[in-house]
Amino acid sequence: MNSNIRKLSILGIVVMFLLIPATYADNDETSDYSIYLVVKQHNITKDGTVHIKEDVNYTFHEDINSISRFIPLSGSQSISNISVETPGFYNKIEIENKTNGIKIKVLLYKDKDRTQYVSGDNARIIYNYNLNKGVIMYNDVAEYRYMSWGSEWEKGVFKLQTYVTIPGNYTGVELWNNPSYKVVDSSLTSFETYKTNYKIINDGETVEQRILIPKEYFNSTENMKVINQDAKELIEKNQAEYQDSIAVNTIISYILLAISMVLIASPAVIYFKWIREPSIAYDTKYETKIPSRDDLLLVNALAKGEIGEIDIDGFYAILLNLSYKRYIEFYKTRDDISIKLTETNLTNLQNYESMILEYFSKLTDENKVIILNDININKFYQNWKNTVEDTVCSNIDQYYHHKGAYYSRIYGLITVAFIIISATIMIFVLKPYVPLEDWIFRAIIVLIPESIIMLILNKTIHGQWTKKGKYFNEKWKSYEYYITDYSLINKYPPESTDEWCLSIVYATALGQINIVDKLIKQYFKDEVKADNTMPSPLSLNESYILLYRMINRVLDKTIF
């Protein structure tokens, strides 16, 4: 798969999370109806009694014969004169006293005989009752505080209207909507009546109105709760603090949301700036010739495995190349392979080649021969690998850089920290609730997989080729395609002994020696003699034969 497509696919996984809508299951007990419109009228009289009328418009989705309305009460509060109207339907009413309120159960029927349940219909149920002790009389002011929509409702409501009528005009009256962001508009419909329209109220949400009324509007406290203390200043202070906390929480939420949006978009910025591969004018599927005499270890580091790392195949390639250049010779005996050093002048060699030969020279016998089965060079290989990586890959930024990996890790760590901090703030600081918290939560849901993906992807994906490096990699991948395809080797075989030998050496550096070994055997299968020597249709000499035999030894991985 094209690496750009692979990288875009990974980012696509993140985008998918943005497209997944949050779904919530309705409570099984209340999924049979919904509430579209509720109009509440509260008429506060001069003795503190509150006449309440609740006009509730239900939509029934299946057969149903009862709706329950629970009215919570606290302290000395009580209700009286309960009545229920169901225009267009017959009903039965059951009233049950609870420890914390009154439950009104309304049974609905389509027919007079009360045998047909309501199904798939809209129905109005109008609750009428008086609330006693609902108004509190303090020494300096009267307070009416009630839940316009409370937790006792089993469903949310699409449209809610409230009308509050007081026993006087609204001059000198203070009114607060808690929280104010749930209110669409509010206005006086008369000197004594205040109307409020609310936004959609979801399941579990509550809205409250709090009204301070001059005590002179009342002529009796018979149906009021009396508290002998001043309260106006304290209530005003509490409301100011509540509104301030809403404002502060909203600002904090905007900041968190803004940061989260930046973080959500950051992977795309990282991709386009530090990961996306450059376009080059190279579109060759396969190269039938060795593209160029590039450094074997550079080919190993850039065209095979983890970019910027030299592995064991690079080491094997150098051994075979030293044999090809006749600095060492391999000898096959019955049980093992021996290496003989044949050249002591190391002037023309790379440092990493000289290191190998200098190490071998310390292990040779008087004939400058090493028996491989008698040595273990793992420690030397690790030291050699670390040294040559520092040398060969010192200028790797000309070909490939890991800024994408660096910034991806930084992004992942910052995002994880942000998620933890945001969650802590939402749980312990953002009280009372503000609507932006829902968007912060959604953003966190997106950021969690984003941060994980950006942290775990290896730097082969989170890196970027330069144009020079892209061309280098593409040409060697095209050559790799050729040397691992028998039909191409058969059609375009190497034209000389040198080309055969170098093909084997570069195939080793590319990590494809297993496949190339099989293809070469297949190519020469009709020429291989029983004694395992190989005649050369292309004048392959004895050195090549020994080199080819070394391949089999390398494949066995018994050199160590």
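In this text the structure is predicted, and so the values were computed from the model without any measurement.

### Description of the packing of helix α4 (residues 312-324) against helix α11 (residues 497-509)
- Direction vectors running N to C along α4 and α11 enclose 160 degrees, while the axes themselves pass 7 Å from each other. Relative to α11, the element α4 lies roughly antiparallel. Pair α4 / α11 crosses with left-handed handedness. Of the residues in α11, those touching α4 at Asp313, Tyr316, Ala317, Leu320, Asn321 and Tyr324 are Asp498, Cys501, Leu502, Ile504, Val505, Thr508 and Ala509.

### Description of unusual backbone geometry
- Asn178 connects to Pro179 through a cis peptide bond whose omega is 0 degrees.
- Within the secondary structure layout, Pro179 lies in the loop between β11 (174-178) and β12 (183-188).
- With omega at 5 degrees, the peptide bond leading from Lys431 into Pro432 counts as cis.
- Inspection of the secondary structure assignment puts Pro432 in the loop between α7 (403-428) and α8 (436-456).
- In this structure, Asn81 takes a positive phi of about 55 degrees despite not being glycine.
- Considering the arrangement of structural elements, one finds Asn81 in strand β4 (residues 78-85).
- The phi dihedral of Arg114 is positive, around 60 degrees, even though this residue is not glycine.
- Examined against the element boundaries, Arg114 turns out to sit in the loop between β6 (101-109) and β7 (122-132).

### Topic: the layout of surface pockets
- Looking at the largest pocket, its volume works out to about 550 Å³.
- Taken together, 28 residues make up the lining of the largest pocket; nearest its centre are Gln77, Leu131, Arg145, Tyr146 and Met147.
- Contributions of two or more residues to the lining of the largest pocket are made by β1 (33-44), β2 (50-60), β3 (66-72), β7, β9 (142-149) and β14 (207-213).
- No other element matches the 5 residues that β9 contributes to the lining of the largest pocket.
- Of the residues in the lining of the largest pocket, the class split is 12 nonpolar, 6 polar and 10 charged.

### Here we look at the packing of aromatic side chains
- Summed over the entire model, instances satisfying the criterion amount to 23 aromatic pairs.
- Between Phe315 and Tyr381, the ring centres sit 5.4 Å apart and the planes meet at 75 degrees, which makes this aromatic pair edge-to-face. Remark: Tyr381 occurs in helix α6 (residues 378-392) and Phe315 occurs in helix α4; sequence separation between them is 66 residues.
- Ring geometry for Tyr399 against Phe472: centres 5.4 Å apart, planes inclined by 65 degrees, an arrangement best described as edge-to-face. Here Tyr399, found in the loop between α6 and β19 (400-401), pairs with Phe472, found in helix α9 (residues 467-483); they are 73 residues apart in sequence, far enough to count as distant. Just as Tyr399 is buried, Phe472 falls in that class too.
- Grouped by ring-pair contacts, the aromatic residues Trp476, Tyr479, Tyr482 and Tyr506 constitute a single cluster.
- Over the face of the ring belonging to Trp439 we find Arg442, whose NZ or CZ atom lies 4.6 Å from the ring centre.

### Here we look at the pattern of salt bridges
- Tallied over the entire structure, the rule returns 18 salt bridges.
- Measuring nitrogen to oxygen at the nearest pair gives 2.8 Å for the salt bridge that ties Arg69 to Glu54. With Arg69 in strand β3 and Glu54 in strand β2, the pair connects residues that are 15 residues apart, well separated along the chain. Taken individually, Arg69 and Glu54 each receive the classification buried, so the pair is uniform in this respect.

### A closer look at the sheet that holds strand β8 (residues 135-137)
- Taken in spatial order, the 5 strands make up an open sheet running β11-β14-β9-β8-β15, and their pairing is mixed. If you trace the sheet from one side to the other, it starts and ends with β11 and β15 (224-226), each paired once. Here the strands of the sheet are splayed against their neighbours by 20 degrees on average, with no regard to which way each runs.
- In this sheet, β14 lies alongside β9 in antiparallel orientation, the contact comprising 7 bridges.

### Points about the environment of Arg210
- Checked against the element boundaries, Arg210 lands in strand β14.
- Take Arg210: its relative accessible area is 7%, and that puts it in the buried class.
- The spatial distance from the C-alpha of Arg210 to the C-alpha of Ser148 is 9.9 Å, given a sequence separation of 62 residues.
- Those residues in contact with Arg210 that lie beyond four places of it in its chain are Glu143, Tyr144, Arg145, Glu174, Leu175, Trp176, Asn178, Ile235 and Gln239.
- One polar contact links Arg210 to Glu143, side chain to side chain, over a distance of 2.5 Å.

### Points about the packing of α4 against α6
- At a minimum axis separation of 11 Å, α4 and α6 run at an interaxial angle of 100 degrees. Viewed along their axes, α4 and α6 adopt a mutual orientation that is roughly perpendicular. For the pair formed by α4 and α6, the contact residues are Ile312, Phe315 and Ile318 on the first element and Phe380, Tyr381 and Trp384 on the second.
- Grouping the constituent residues of the contact of α4 with α6 by class yields 6 nonpolar, no polar and no charged.

### Considering the environment of His61
- Among the secondary structure elements, His61 is positioned in the loop between β2 and β3.
- Looking at His61, the relative accessible area reads 48%, which means it is partly exposed.
- For the pair His61 and Gly120, spaced 59 residues apart in sequence, the C-alpha separation works out to 4.8 Å.
- Of the polar contacts made by the side chain of His61, one reaches the side chain of Ser34; its length is 3.1 Å.

### Some points on the pairing of strand β5 (residues 90-98)
- Here β5 pairs with β6 via 9 bridges, running antiparallel. When the bridges of β6 are listed, Asn97 appears paired with Ile102.

### Considering the confidence of the model for the protein
- Model confidence for the protein is summarised by a mean pLDDT of 85, while 85% of its residues fall at 70 or above.
- Here helix α13 (residues 542-555) is the element of the protein with the lowest mean pLDDT, 45, and strand β10 (residues 159-165) is the one with the highest, 98.
- This stretch, residues 17-30, has a pLDDT under 50; its non-local contacts, to residues over four places away or in other chains, come to 9 contacts.
- A low-confidence stretch, residues 550-560 stays under pLDDT 50, and its non-local contacts, those more than four residues away or across chains, total 27 contacts.

### Focus on a nonpolar patch on the surface
- Taken together, the side chains of Leu413, Val416, Ile420, Phe441, Ile445, Ile448, Ile452, Leu455 and Ile456 make up a nonpolar region of the molecular surface, amounting to roughly 800 Å² of accessible area.
- For the nonpolar patch, the secondary structure elements donating two or more residues are α7 and α8.
- Residue placement: Phe441 occurs in helix α8.

Procedures and definitions
- Residues numbered from 1 in each chain as written.
- Predicted model: local features only at pLDDT ≥ 70, side-chain atom pairs only at ≥ 80, totals over all residues.
- Heavy atoms only, no water.
- Axes fitted to C-alpha atoms, helices over the stretch in contact; angles between N-to-C directions.
- Helix = DSSP H or I, 4+ residues; strand = E, 2+ residues; numbered from the N terminus.
- Parallel < 35°, antiparallel > 145°, perpendicular 65-115°, else oblique.
- Left-handed = near helix turned anticlockwise from the far one by under 90°.
- Contact = heavy atoms within 4.5 Å.
- 1 Å grid on protein atoms, 1.4 Å probe; cavity = no way out; pocket = protein on both sides within 12 Å on 5 of 7 lines; lining within 4 Å.
- Points joined across faces, edges and corners; volume = space filled by probe spheres on them.
- Nonpolar A, V, L, I, M, F, W, Y, C, P; charged D, E, K, R; others polar.
- Phe/Tyr/Trp six-rings, centres within 6.5 Å; stacked < 30°, edge-to-face > 60°.
- Buried < 20%, exposed > 50% of the residue type's maximum accessible area, 1.4 Å probe, protein only.
- Lys NZ or Arg CZ within 6 Å of the ring centre and 35° of its normal.
- Salt bridge = Lys/Arg side-chain N within 4 Å of Asp/Glu carboxyl O.
- Pairing = 2+ DSSP bridges.
- Polar contact = N/O pair within 3.5 Å; in protein donor to acceptor, adjacent residues only side chain to side chain.
- pLDDT = per-residue confidence, 0-100.
- Patch = residues over 30% accessible without salt bridge, like charges linked within 9 Å, V, L, I, M, F, W, Y side chains within 5 Å.
- Areas by Shrake-Rupley, 256 points an atom, 1.4 Å probe, with all protein chains shown as cover.

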